[in-house]
Amino acid sequence: MTSPMQLVIGNKNYSSWSLRPWIALKVLGVPFDEQRIVLRRAETKAEILRYSPAGRVPILRHGDTVVWESLAILEYLAERHAQLWPKDRAQRARARAIAAEMHSGFSQLREHMSMNVRRRYPGKGRTPEVLADIARISAIWAEATGPFLFGEFGAADAMYAPVVLRFRTYAVEGPNRRYMDAMLALPAMRDWIEASEREPESIAELDLYE
Amino acid sequence: MQLIIGNKNYSSWSMRPWVLLREASIAFEEVQLKFDDTGHVKGVERYSPTGRVPVLVIDGDPIWDSLAICETVAERYPEKQLWPADARARRMARSICAEMHSGFQALRAAMPMNIRSRYPGKGLTPESRRDIERVVQIWTSCRSQHGAGGALLFGRFSIADAYYAPVVTRLQTYAVSLPPAAQAYCDAVLGLRAVREWMDAARRETEFVADDEPYATRHR
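Residues numbered from 1 in each chain as written. Chains lettered and ligands numbered in written order. Predicted model: local features only at pLDDT ≥ 70, side-chain atom pairs only at ≥ 80, totals over all residues.

A count of helical and extended segments in chain B gives eight helices and four strands. For chain B, the α and β elements follow one another from N to C terminus as β-α-β-β-β-α-α-α-α-α-α-α. The C-alpha radius of gyration of chain B comes to 17 Å, within 12% of the 17 Å expected for a compact globule of 220 residues. With the C-alpha coordinates aligned to their principal axes, the bounding extent of chain B is approximately 50 × 45 × 25 Å. Counting all 220 residues of chain B, 49% fall into the buried class. Of the contacts made within chain B by residues no fewer than 6 positions apart, 69% connect residues no fewer than 24 positions apart. (Helix = DSSP H or I, 4+ residues; strand = E, 2+ residues; numbered from the N terminus. Rg over C-alpha atoms; globule rule 2.2 N^0.38 Å. Buried ≥ 20, exposed ≤ 12 C-beta atoms within 10 Å, placed from the backbone. Contact = placed C-beta atoms within 7 Å.)

Shown next as structure tokens:
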């Protein structure tokens, strides 16, 4: 494969799904072209459909093929970069379970604590259901073997990276601070945060608590 | 290896790994737990930290979430080729399974799986109709691009068919009319040995879970 990969993402400030494959590629050191589409505009849907029939970001294009959905992109990358999953078979199964749980679950957390990297909403969004989601995430992070969930950074960490940014925005105390610090110290994470702060676009309905 | 599942009539997530293992002739012990009226599965805490079915238990270790179970089984039984062998087909298969895993909320909410019942015309909202159109588009592209070797999404049986099997039963329950190619795919899935076996068992179940029965007239 000589052609570079292209990753189609949404606004860095808001698109938690986009961050997942983006940070995995950065930590792996795989070069790629980034194509950012501004979400929630009249032309957004048509722009995304130019890249994928599913109509959602993120999308990875490589050569003549297209992979969509963050978890599918991570599995695709793991076929070439096995270090994204733990070496040990049982640990690998566990990492996949945690990643898939993030992919399909925590809907209350997503709704009431949507990602908004540059904003601070301390104490907001704490419904009983959100607190239950936070408790479950705390239990998962409490078993981190350090500094990341399974030692070194992997696909499971990529899936939980946006949650770290949410907990920062909503000032959620309690979950494994060392894990959050390790994630926030990644150069790629710092780049993403900085780019989010510089993004000129605001989406009023995603600035939940103003 | 144990697979912990919920009610066969209602639990679409349970159906996916069960159909996968059975259709691929991989031996496992089935442990069935039943939903209470709020959709909680009694006793599942013994097996899974998430409190949800399905769970696969291998050597005492729980693996939860249907997609993680399918990936893990595929990895442990490479000779079964549960993902398509062709790299392009495999990427597409993983994408459409992940799309099913996180999406189609309107379809799921308006047309909950209910194998033994028939509610023709119910649940068709603008949003669920859009979800169904996307499902048909997925099936049509898989069949036309990668389906040459058989009647299933990637020709021969794969995780993708196990993943979309509960959708096929929903389209039957709610009698959704489909384009001929999509209907032919549904018929192929309904003809799979494992799918027939699951559906026969579902029809014999008598438990009524109110949470999953928005269109039932009895028990109300």
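With 20 residues of chain B at the contact, the number on the chain A side is 19 residues. Of all elements in the fold, only strand E4 (61–64), helix H2 (66–76), helix H3 (87–102) and helix H5 (126–146) of chain B reach the threshold of two or more residues within the side of chain B that touches chain A. The element best represented in the side of chain B that touches chain A is H3 of chain B, accounting for eight residues. A breakdown of the residues in the side of chain B that touches chain A according to their chemical character gives six nonpolar, seven polar and seven charged. (Nonpolar A, V, L, I, M, F, W, Y, C, P; charged D, E, K, R; others polar.)

To continue, consider the environment of Gly155 of chain B. All names here are of chain B. Following the sequence through the fold, Gly155 ends up in the loop between H5 and helix H6 (159–173). Separated by 147 residues in sequence, Gly155 and Lys8 place their C-alpha atoms 27 Å apart. Apart from the residues within four sequence positions on either side, Gly155 is in contact with His146, Gly147, Ala148, Gly149 and Gly150.

Further remarks concern the sheet that holds strand E2 (residues 29–32) of chain B. Sheet strands line up and pair through hydrogen bonds in the backbone, either parallel or antiparallel. All names here are of chain B. Within the open sheet, the four strands sit side by side as E2-E1-E3-E4. Their pairing is mixed. Strands with a single pairing partner mark the edges of an open sheet, and in this sheet they are E2 and E4. The average undirected angle you get between the axes of adjacent strands in this sheet is 25 degrees. Of the pairings in the sheet, the one linking strand E3 (residues 55–58) to E4 comprises four bridges and is antiparallel in character. (Pairing = 2+ DSSP bridges. Axes fitted to C-alpha atoms, helices over the stretch in contact; angles between N-to-C directions.)

Residues and elements named next belong to chain B. Along its 16 residues, H3 runs 23 Å from first to last C-alpha, staying within 8% of the 22 Å computed at 1.5 Å per residue. Burial runs high along H3: 13 of the 16 residues are buried. Positive phi shows up at Phe104, right after H3, with a value of about 55 degrees. (Expected span 1.5 Å × (residues − 1).)

The geometry of a pair of packed helices is captured by two quantities: the angle between their axes and the separation between those axes. Residue and element names in this part refer to chain B. Running from N to C, H3 and H6 point in directions that differ by 25 degrees, and their axes come no closer than 9 Å. For the element pair H3 / H6, the angle class is roughly parallel. For the pair H3 and H6, the crossing hand works out as left-handed. On H6, the residues touching Ala93, Ile96, Cys97 and Met100 of H3 are Ile159, Ala160, Tyr163 and Tyr164. Of the residues belonging to the contact of H3 with H6, the class tally is eight nonpolar, no polar and no charged. (Parallel < 35°, antiparallel > 145°, perpendicular 65-115°, else oblique. Left-handed = near helix turned anticlockwise from the far one by under 90°.)

Our next topic: the sheet that holds strand E2 (residues 32–36) of chain A. Residue and element names in this part refer to chain A. The strand order across the open sheet built from four strands is E2-E1-E3-E4, with neighbouring strands paired in mixed fashion. The open sheet terminates on both sides in strands that have one partner only, identified here as E2 and strand E4 (65–68). Taken over all neighbouring pairs, the strand axes of this sheet differ in orientation by 20 degrees on average, direction set aside. Both strand E1 (residues 5–9) and E2 contribute to a ladder of five bridges, which runs parallel. Paired with Met5 across the strands is Phe32, a residue of E2. Each of strand E3 (59–62) and E4 is contacted by helix H3 (residues 70–80), which is oriented at about 125 degrees to E4, the strand it contacts most.

Turning to the nonpolar core, a few remarks are in order. Considering soluble globular proteins, one finds that nonpolar side chains tend to be buried as a cluster. In terms of nonpolar packing, the biggest core is built from 132 residues, with Ala155 of chain A together with Ile159 of chain B touching the most fellow members. Considering every element that reaches this core, the biggest residue donor is helix H7 (residues 155–169) of chain A, with ten residues. Ignoring sequence-local partners within four residues, the contact set of Ile159 of chain B consists of Leu20, Cys70, Ala74, Leu82, Trp83, Ala93 and Cys97 of chain B. (Core = buried A, V, L, I, M, F, W, Y, C linked by C-beta atoms within 7 Å.)

To continue, consider the pairing of E4 of chain A. As defined by bridge partners, E3 of chain A adjoins E4 of chain A across four bridges and the pair is classed as antiparallel. Residue pairing across strands places Leu60 of chain A opposite Val67 of chain A, the latter belonging to E4 of chain A.

This brings us to helix H1 (residues 16–28) of chain A. Residue and element names in this part refer to chain A. The first and last C-alpha atoms of H1 sit 19 Å apart over 13 residues, in line with the 18 Å expected at 1.5 Å per residue. The buried fraction of H1 is high, at ten of 13 residues. Taken together, the buried residues of H1 touch E1, E2, E3, H3, H7 and helix H9 (187–198). A positive backbone phi angle near 80 degrees is found at Gly29, which sits one or two residues after H1.

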